[in-house]
Each structure stands twice: as structure tokens, then as C-alpha cells.
Amino acid sequence: HPELCGGAFCTRTGELLGSVFAKPTQDAEWTDPGSWEQSARLEGQSGTNLSRQRTRCIFGISLTSVDPGAAIQLLAFYYLYLLKRGYREIFLGSPMPGLKRHLERNPGACVQAYARATRAGLPVDPQLRYYHGKGWREIVAVRENYFPHEASCDYGAILKAKVPLRHLALLFRLVPVSALRMI
């Protein structure tokens, strides 16, 4: 899905500073347990190829950046791009790097409870707190054996964010991409 992939480049050197890869998805894909590998496949878990169906949701397969400013710029443009194409929700899978330490300090603790634990209204886990600050505030599922990540004990949290300004999607469809870049 090249239309759902993008990059942020240095204007001086042309170096890639950040990239994002995504695919169309549906809410129903996140109700059954599965791994990141299943989530990243082009076909949904139900076996249907979503590229031929109309969907208003995407799954963020990967967001990578060597520059925090580039990641912010990339996400800002990406939100506008998604608005233009009528997407309303973004799912992603996140590690929970504080989980291993939490389980060591609290043997037998519930992983689901840890994923949803907050302090002062923010997630206790540092990675979930980072995504919370970027708009991913709803935990849809917590999956065991989601991807290999030692500090997360191989668990992953599936998060969902609403695309900002989605109620203005029709207006954004009419705005040329060059104007969106200026915004």
C-alpha cells in the first residue's frame, strides 16, 4: 500500500529521517488474538484483501525515526493525508517495555491491568505514555506473543487513535495536497 507509506527527509542532504508504513484494516481484525506478523500481513485475519474494500481504518505497521522533529512532522502531515482520504481511525501495536520490571517486582500481576494502569491520568508504561501523548489513548487488546521484545515479555498492546479533525474529512478531500503541505 504505497499510498499509506511516507517519509520525512532532510532538506539539505536528502537523508531519510523518518518513515511510516501502514495498511487498511477493520475494527474486527483486532478482536481475536494474533501476532504483529499477522497484523502486518496485507490480508486481514479474516482472509479478505482489504485493498479491494472500502475501510476507514488503518494499521500502522511501522513508524521509525532518527530525529524526533522528523517524526512529529511526518505524523502531522500523515494525519492530514489520512483526512484527505477519509480515514477515521489508526490502530498500532506497541511494546510495553516496563512490563518485565513490573512482573519482577509484582509476581503474578495481571498484564491486562498493567497495560491499563495510569498515574496522574497517564499510562504507567513509558511506551504507552509516549503513544498516549500522540493520540493513541484507547487500548483495544493486549496480546501475548505479539512480537519478540524481552522487556515486554513478548506482549503487545493494540492501541487505537481517532484521526484529528475527522469530522472535517469532506472539506479536506477538496483541498489540494500542496495546500495540505503548507498547513
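Up top is the structure.
> Explain the sheet that holds strand 1 (residues 6-9) residue by residue, including any values.
Taken together, the six strands give an open sheet; going across it, the order is 1-2-3-4-8-7, and neighbouring strands pair in mixed fashion. Two strands close off the open sheet at either side, each with one partner strand: strand 1 and strand 7 (138-143). Across the sheet, the mean angle separating the axes of adjacent strands is 25 degrees when strand polarity is ignored. The sheet contact formed by strand 7 and strand 8 (residues 156-162) spans five bridges and is antiparallel. Residue pairing across strands places R143 opposite G156, the latter belonging to strand 8. Relative to strand 4 (residues 89-94), helix 5 (residues 126-133) is tilted by about 165 degrees, and along the sheet it contacts strand 4, strand 7 and strand 8.

> Could you give me a rundown of the pattern of salt bridges, with the residues and numbers involved?
On inspection of all chains with the given rule, the structure shows three salt bridges. One salt bridge connects K162 with E89, and the closest N-O pair in it is separated by 2.9 Å. Residue K162 is located in strand 8, and its partner E89 is located in strand 4; the two are separated by 73 residues in the primary sequence. Among the ionic pairs, E150 bridges to K100, the shortest N-O distance being 2.8 Å. Of the two residues, E150 is situated in the loop between strand 7 and strand 8 and K100 in helix 3 (residues 99-105); the sequence distance between them amounts to 50 residues.

> If you had to explain the pairing of strand 4 to someone new, which residues and values would you point to?
Counting buried residues in strand 4 gives six out of six residues, a clear majority hidden from the surface. The side-chain alternation of strand 4 yields two buried faces, one formed by E89, F91 and G93 and the other by I90, L92 and S94. Note that the unit made of strand 3 (residues 57-65), helix 2 (residues 68-84) and strand 4 has a crossover that is right-handed. Relative to strand 8, strand 4 runs antiparallel, the two sharing six bridges. Within the sheet, the bridge partner assigned to G93 lies in strand 8 and is I158.

> Give a description of the packing of aromatic side chains that names residues and reports values.
Evaluation of the coordinates by the stated rule reveals five aromatic pairs. Geometrically, the ring pair formed by F77 and Y81 is tilted, given 6.2 Å between the ring centres and 35 degrees between the ring planes. Taken together, the residues F77 and Y81, both in helix 2 and four residues apart, mark about one turn of the helix. Residue Y81 is classed as buried on the basis of its relative accessible area of 14%. Both rings, one in Y78 and one in Y81, keep their centres 6.4 Å apart while their planes meet at 15 degrees; by these two values the pair is stacked. Taken together, the residues Y78 and Y81, both in helix 2 and three residues apart, mark about one turn of the helix. We classify Y78 as buried; its relative accessible area is 7%. Three or more aromatic residues joined by ring pairs form one cluster here, namely F77, Y78 and Y81.

> Explain the pairing of strand 3 residue by residue, including any values.
Bridge analysis of strand 2 (residues 16-25) against strand 3 gives eight bridges, and the strand direction is antiparallel. Paired with S19 across the strands is T64, a residue of strand 3.

Cut-offs and rules
- Residues numbered from 1 in each chain as written.
- Predicted model: local features only at pLDDT ≥ 70, side-chain atom pairs only at ≥ 80, totals over all residues.
- Heavy atoms only, no water.
- Pairing = 2+ DSSP bridges.
- Helix = DSSP H or I, 4+ residues; strand = E, 2+ residues; numbered from the N terminus.
- Axes fitted to C-alpha atoms, helices over the stretch in contact; angles between N-to-C directions.
- Contact = heavy atoms within 4.5 Å.
- Salt bridge = Lys/Arg side-chain N within 4 Å of Asp/Glu carboxyl O.
- Buried < 20%, exposed > 50% of the residue type's maximum accessible area, 1.4 Å probe, protein only.
- Right-handed = clockwise from strand over helix to strand, strands pointing away.
- Phe/Tyr/Trp six-rings, centres within 6.5 Å; stacked < 30°, edge-to-face > 60°.

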